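Fold and contact review
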Amino acid sequence: MGRAAAAGEGAGGARRWLPWLGLCFWAAGAAAARGTDNGEVLPESIPSAPGTLPHFIEEPDDAYIIKSNPIALRCKARPAMQIFFKCNGEWVHQNEHVSEESLDESSGLKVREVFINVTRQQVEDFHGPEDYWCQCVAWSHLGTSKSRKASVRIAYLRKNFEQDPQGREVPIEGMIVLHCRPPEGVPAAEVEWLKNEEPIDSEQDENIDTRADHNLIIRQARLSDSGNYTCMAANIVAKRRSLSATVVVYVDGSWEVWSEWSVCSPECEHLRIRECTAPPPRNGGKFCEGLSQESENCTDGLCILGIENASDIALYSGLGAAVVAVAVLVIGVTLYRRSQSDYGVDVIDSSALTGGFQTFNFKTVRQGNSLLLNSSMQPDLTVSRTYSGPICLQDPLDKELMTESSLFNPLSDIKVKVQSSFMVSLGVPERAEYHGKNHSGTFPHGNNRSFSTVHPRNKTPYLQNLSSLPTRTELRTTGVFGHLGGRLVMPNTGVSLLIPHGAIPEENSWEIYMSINQGEPSLQSDGSEVLLSPEVTCGPPDMIVTTPFALTIPHCADVSSEHWNIHLKKRTQQGTWEEVMSVEDESTSCYCLLDPFACHVLLDSFGTYALTGEPITDCAVKQLKVAVFGCMSCNSLDYNLRVYCVDNTPCAFQEVVSDERHQGGQLLEEPKLLHFKGNTFSLQISVLDIPPFLWRIKPFTACQEVPFSRVWCSNRQPLHCAFSLERYTPTTTQLSCKICIRQLKGHEQILQVQTSILESERETITFFAQEDSTFPAQTGPRAFKIPYSIRQRICATFDTPNAKGKDWQMLAQKNSINRNLSYFATQSSPSAVILNLWEARHQHDGDLDSLACALEEIGRTHTKLSNITESQLDEADFNYSRQNGL
């Protein structure tokens, strides 16, 4: 179509030609009628004020087609010779216009009003880059005027909610957040909340807020807030109801104060009680913990029960004297046997007898019994054994060695180097004599002792007693960051810090540091709570950021909200620890995203943070990393195995690796994962399948048992067991065996050892991947996986609310961020914070393909939704309309 001749050639005799309408107007006070292309005769011209452009009194409004009912668009202008509609850039035929004329009494000018109808079929048949639109064009003697564009869309409301509210159980005064994302619709649906089928009026209750992205927020839960909540969505087409969410506000019980002590009873006891009524548990809250009744002796232990007669006194006196006599006799016999025996046992630490990890020396100096030896062997030999390790279960060979000493009869002044009768009978050649330094004396319980010796070949120092390993107190890294942001990584620890672009004001720079506490943890667990991560410090503490930074902390929990209640804690300036949030709670101050092996935290203040866990059931699981290291002993025939069970965090294993490097230890098998349940059962570690004629294990170390509490709270120092193996001849250089680590009534792992004890022949097993080993501090664009220009385009697209749902909430959903969305709603750019979280989660893989696929899927969803028609969404209604001729 052509363009209109907008301006005339003067008021007198000017001609205006409208070729796209087949019209010609003469501006000589009256116009001759001309026929249109269909032969119709146009009405005579309308008087108008010379030199005045048409002014629209009414312009067409946006409209929605409901089902199959057409809509009417109208416009009104003065003064106007003609008014025609143009839709989607094309003129609407004159026959489809309905015109009306009236007189404006105030100005004496005539007013022209025009109507057209738009049908559903016209809108469906249009396929363009934008919505179906129409506008009016009005003519006067001076020129033309155009109205606003009015869009025409097919109204619909899908049936299914994009997100239904979920039921929750919350403690009294806790925060309740019910999420609701209404169905896709045109126009966008309005949301209303119902409680027990009654509308909620947030204006009358300041404790309730329903304005945040259709979500219902109850700031402090009350008992009266328990009930069934429903999200109602409605537009001009229909109403939809979500699934109902049941909210239970519960109260945990607490103890009243103790009552007064009762009167002293005949049994010399008095009682006091307290009840669980302040307040009592309600709506499924926990019952009070602790005792409800307490008793104690009411006479300071001086109470004597009544004795009926003198014969009882005589009986008790006789029994007491008998006990004393037996005790004296036992002591005398024991002292006599010690004075007559040459066989002594010195147990340095009694905890070794209970499965602990303390050192003991077992020394034997006995004269041999020639009846046990081969007749061809010389009896003028000596035995001297020193064993270091915990006592646990004994294998059959250990039992034989334990009973061996009872068969040695004293032979005066004869020194014997002993081999067991079992080995002699097998014809095993005589072993070279070895001596270990005997350490006499006793040590206090808990003292750590290290015996340093030198390997005869490479002079490398080793530690014979490995009950305690030397540890550093802190790992630390630093970097200087400015407005462009960057990433600070602690190599091989799983700990990292992401400073977003723009978090630091322009022309400013800060030296940011990060450290991991490797000493005694300052966070002391309360009750059943355990430390699940390292204590990570980032600073400086007085630094202020304009957008949240991301701190990644590894953890060792097998993540499950059914079995764990995991908390983020922060150390105060006074050195105490306070809870920041539970990872399952809703909060607008920070955000925690718990992945299987790490927690990504969005924070706005620096400090010291750690993760703790409270097991809810016995099925709560800690992930342990089990590994075996080996090295030669000071005795050229001995080989030491050390089996570690540490929290499955990279920093915990790095500490083990560092200690083993100092001792010359080598990793013999790739570490494995063991799931350790919180069922209070202990851990057993044993060595199996040792070649019988090549190697033997030292007594009392075939199997070792570790108490549950030592494993469950193993964040103090690396937990390990030491096994000492002995080869019969120096020619044996290959070692093969199995290490079995299992929890009683739990899981099990097997480490297969197949190695050479010679360093030149040993295969090296890599401790860590190389991705963290370089560039701990990266600044500027190279620190980020997403290019800055693409990041800006994503933020500009998704930060703007969109009626079709293509906004930051969908971006979060496609990146598996489905909870605590109210945190992002408080940010100036929710999309930027979501992308920061993506950067923290993908710092190693940089999986841009997954992000691109998510964006592509959002684009396809958006295109598909924009082309959906009501007939596709509500087929029953459409069929009904067709059958009825609508």
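Residues numbered from 1 in each chain as written. Predicted model: local features only at pLDDT ≥ 70, side-chain atom pairs only at ≥ 80, totals over all residues. Heavy atoms only, no water.

**A closer look at a nonpolar patch on the surface**
Heads up, the condition is: Patch membership needs two things, relative accessible area over 30% and no salt bridge, and members are linked within 9 Å if like-charged or within 5 Å if nonpolar (Val, Leu, Ile, Met, Phe, Trp, Tyr). Residue burial considers only the protein chains on display, and all accessible areas are found by Shrake-Rupley using a 1.4 Å probe. For this document, the term salt bridge refers to a Lys or Arg side-chain nitrogen within 4 Å of an Asp or Glu carboxyl oxygen. For every residue, the accessible area obtained with a 1.4 Å probe (protein chains only) is divided by the maximum for its type, and the residue is called buried under 20%, exposed over 50%, and partly exposed between those limits.
Taken together, the side chains of Leu315, Tyr316 and Leu319 define a hydrophobic patch exposed on the protein surface, amounting to about 330 Å² of accessible area. Residue classification places leucine 315 among the partly exposed residues on the basis of a relative accessible area of 49%.

**A few points about the packing of aromatic side chains**
Selection rule: Here is the rule: rings of Phe, Tyr and Trp (six-membered ring for Trp) pair when centre to centre is within 6.5 Å. Planes less than 30 degrees apart are stacked, more than 60 are edge-to-face, and the remainder are tilted. Here a strand is any run of E in DSSP of at least two residues, a helix any run of H or I of at least four, and the numbering for each starts at the N terminus. Think of it as a cone above the ring: NZ of Lys or CZ of Arg counts as a charge over the ring if it is within 6 Å of the ring centre and within 35 degrees of the ring normal.
Enumeration over the complete set of coordinates arrives at 15 aromatic pairs. Between tyrosine 591 and tyrosine 823, the aromatic rings sit 5.8 Å apart at their centres with planes inclined by 35°, giving tilted as the arrangement. Note that tyrosine 591 is positioned in strand β36 (residues 591-594) and tyrosine 823 in helix α9 (residues 822-825), a separation of 232 residues in sequence. Comparing tyrosine 591 with tyrosine 823 shows no difference in burial state: the two are buried. Ring geometry for tryptophan 808 and phenylalanine 824: centres 6.4 Å apart, planes at 45°, overall tilted. Highlighted residues: tryptophan 808 in helix α8 (residues 808-814) and phenylalanine 824 in helix α9, separated in sequence by 16 residues. Of the two residues, tryptophan 808 and phenylalanine 824, neither departs from the other in class, the shared state being buried. Three or more aromatic residues joined by ring pairs make a cluster, and in this case those are Trp564, Phe676, Phe708 and Trp712. Directly above the ring of tryptophan 133 sits lysine 149, whose terminal nitrogen or CZ lies 4.1 Å from the centroid. It is lysine 625 that lies over the ring of phenylalanine 653; its NZ or CZ is 5.1 Å from the centre.

**Examining the sheet that holds strand β9 (residues 110-118)**
For clarity, the cut-off: Strands were regarded as paired on the criterion that DSSP finds at least two bridges between them. Each axis is a line fitted through C-alpha atoms, taken for helices only over the stretch in contact, and angles between the N-to-C directions span 0 to 180 degrees.
In spatial order, the strands read β3-β5-β9-β8; together these 4 strands make up an open sheet with antiparallel pairing. The sheet terminates laterally at β3 (55-58) and β8 (98-103), the two strands that pair on one side only. Sheet twist, expressed as the average angle between the axes of neighbouring strands with direction ignored, equals 30°. Strand direction decides the pairing type here: strand β5 (residues 71-78) and β9, joined by 7 bridges, are antiparallel. Bridged to alanine 72 within β9 is asparagine 117.

**Observations concerning the state of the cysteines**
The criterion, for reference: Pairs of cysteine sulfur atoms within 2.5 Å are identified as disulfides in what follows.
Counted according to the given criterion, the structure contains 5 disulfides. One disulfide in the model links cysteine 87 with cysteine 134; its S-S distance is 2.0 Å. The sign of the 110° torsion about the S-S bond sets the cysteine 87-cysteine 134 disulfide as right-handed. With a gap of 47 residues between them, cysteine 87 in strand β6 (residues 82-87) and cysteine 134 in strand β10 (residues 132-139) connect regions that are remote in the sequence. Of the two residues, cysteine 87 and cysteine 134, both sit in the buried class. Here cysteine 180 connects covalently by a disulfide to cysteine 231, the sulfurs 2.0 Å from one another. Between cysteine 180 and cysteine 231, the disulfide has an S-S torsion of -75° and is therefore left-handed. On the criterion of sequence distance, the pair formed by cysteine 180 in the loop between β14 (176-178) and β15 (185-186) and cysteine 231 in strand β20 (residues 227-234) is long-range, its members being 51 residues apart. For cysteine 180, a relative accessible area of 0% translates into the label buried.

**Concerning the nonpolar core**
Inclusion rule: Only buried residues count toward a nonpolar core. Its members are Ala, Val, Leu, Ile, Met, Phe, Trp, Tyr and Cys residues joined through side-chain atoms within 4.5 Å.
One finds Leu497, Leu551, Leu641, Ile739 and Ile741 to be the most contacted residues of the largest nonpolar core, which totals 71 residues. Judged by nonpolar contacts, the second largest core, of 28 residues, contains Phe784, Cys795, Met810 and Leu835.

**Observations regarding the sheet that holds strand β47 (residues 734-743)**
Taken in spatial order, the 4 strands of this open sheet run β45-β43-β47-β48, and their pairing is antiparallel. At either margin of the open sheet sits one strand with a lone partner, and together these are β45 (703-706) and β48 (748-756). Strand-to-strand twist across the sheet, computed as the mean angle between neighbouring axes with direction ignored, equals 15°. In terms of strand pairing, strand β43 (residues 683-688) meets β47 through 6 bridges, oriented antiparallel. Within β47, the position partnered with leucine 683 by the bridge is glutamine 743.

**Focus: unusual backbone geometry**
A cis amide bond, omega -5°, links alanine 278 with the succeeding residue proline 279. Turning to its location among the elements, proline 279 is positioned in the loop between β23 (269-273) and β24 (293-297). Of note, the amide linkage connecting glycine 539 to proline 540 takes the cis form, showing an omega dihedral of 15°. Summarising the element assignment, proline 540 is placed in the loop between β32 (536-539) and β33 (549-554). In this structure, lysine 67 takes a positive phi of about 55° despite not being glycine. By relative accessible area, which is 37% here, lysine 67 ends up partly exposed. Phi angles above zero are rare outside glycine, and asparagine 88 is one such case at about 55°.

**A word on the pattern of salt bridges**
Enumeration over the complete set of coordinates arrives at 21 salt bridges. Here aspartate 205 makes a salt bridge to arginine 222, at a shortest N to O gap of 3.0 Å. With aspartate 205 in the loop between β17 (198-199) and β18 (208-209) and arginine 222 in the loop between β19 (216-218) and β20, this residue pair connects regions lying 17 residues apart in the sequence. Glutamate 857 is the partner of lysine 814 in a salt bridge, and the nearest nitrogen-oxygen pair spans 3.0 Å. Here the residue lysine 814 occupies a position in helix α8, and glutamate 857 occupies one in helix α11 (residues 848-866), the gap between them amounting to 43 residues. Several salt bridges share partner residues, and in doing so they unite Arg74, Lys76 and Glu113 into one network.

**Here we look at the environment of arginine 148**
Defined as follows: Between two residues, a contact is recorded if the distance between any of their heavy atoms is within 4.5 Å. Contacts described as polar in this section are N or O atom pairs within 3.5 Å, which, within protein, must combine one atom able to donate a hydrogen with one able to accept it, while residues neighboring in sequence count only if both atoms come from side chains.
Residue position: arginine 148 is located in the loop between β11 (144-146) and β12 (150-157). For the pair arginine 148 and cysteine 134, spaced 14 residues apart in sequence, the C-alpha separation works out to 8.5 Å. Apart from the residues lying within four places of it in its own chain, the contact partners of arginine 148 are Glu59, Pro60, Asp61, Asp62, Cys134 and Gln135. A polar contact of 2.8 Å, which involves the side chain of arginine 148, links it to the backbone oxygen of proline 60.

**Considering the packing of helix α7 (residues 788-798) against helix α10 (residues 830-841)**
Filter applied, for reference: For classification purposes, an angle smaller than 35 degrees is called roughly parallel, one larger than 145 roughly antiparallel, one from 65 to 115 roughly perpendicular, and anything else oblique. Crossing handedness is read from the near helix: turned anticlockwise from the far helix by less than a right angle, it gives a left-handed crossing, and turned clockwise, a right-handed one. In this count, Pro and Cys sit with the nonpolar residues alongside Ala, Val, Leu, Ile, Met, Phe, Trp and Tyr, while Asp, Glu, Lys and Arg are called charged and the others, Gly among them, polar.
α10 packs onto α7 with a crossing angle of 135° between their chain directions and a minimal axis gap of 8 Å. As summarised for this structure, α7 and α10 are arranged oblique, according to the angle between their axes. With respect to the hand of their crossing, α7 and α10 are arranged in right-handed fashion. On α10, the residues that touch Arg791, Ile794, Cys795 and Phe798 of α7 are Ser831, Ala832, Leu835 and Asn836. Its residues assigned to classes, the contact of α7 with α10 shows 5 nonpolar, 2 polar and 1 charged.

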